[in-house]
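A structural walkthrough
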Amino acid sequence: MRSGRLYVYYRVAAADQQAALAAFVAARGAAPVQLLRRPELKDGLMTWMEVYPAETLALEPAIASALHPWLQGDRHLEHFEPLA
């Protein structure tokens, strides 16, 4: 299992927020995957970020699939590991 955290960011239309959030919550289940958003809108789009602790990395494909209908563009994945 990889260490560190996975950060995934993407855009969702503000009008789709409730449906996309419901899909995220259902796909995540009880796992400690955090969902954040930028406070500002740009052209009616929200930027969301998922934060995956190492023990939840395997959930990313299922969450990506659940959110696919509401994505406005690509999902961007970045993995960070501890330095010490």
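Quick look at the structure, then. Note that the structure is a prediction, hence the values are computed from the model and not measured.

The next point concerns the sheet that holds strand S2 (residues 34-37). Across the sheet, 4 strands lie side by side as S2-S3-S1-S4; this open sheet has antiparallel pairing. Of all strands in the sheet, those bounded by a partner on one side alone are S2 and strand S4 (76-80). Put simply, the sheet's adjacent strands are angled 25 degrees from each other on average, direction ignored. Relative to strand S3 (residues 45-53), S2 runs antiparallel, the two being bridged by 4 bridges. Across the sheet, the residue bridging to Arg 37 is Trp 48, located in S3. Sheet contacts for helix H1 (residues 17-28): strand S1 (5-13), S2 and S3; angle to S3, the most-contacted strand, approximately 10 degrees. The strands touched by helix H2 (residues 60-67) within the sheet are S1, S3 and S4, with S3 carrying the most contacts at an inclination of about 160 degrees.

Right, let's talk about the environment of Ala 64 for a bit. Here Ala 64 shows up in helix H2. With a relative accessible area of 15%, Ala 64 lands in the buried category.

Reading the values: rules and limits
- Residues numbered from 1 in each chain as written.
- Predicted model: local features only at pLDDT ≥ 70, side-chain atom pairs only at ≥ 80, totals over all residues.
- Heavy atoms only, no water.
- Pairing = 2+ DSSP bridges.
- Helix = DSSP H or I, 4+ residues; strand = E, 2+ residues; numbered from the N terminus.
- Axes fitted to C-alpha atoms, helices over the stretch in contact; angles between N-to-C directions.
- Contact = heavy atoms within 4.5 Å.
- Buried < 20%, exposed > 50% of the residue type's maximum accessible area, 1.4 Å probe, protein only.

Read these as layout, nothing more, since geometry by itself doesn't imply function.
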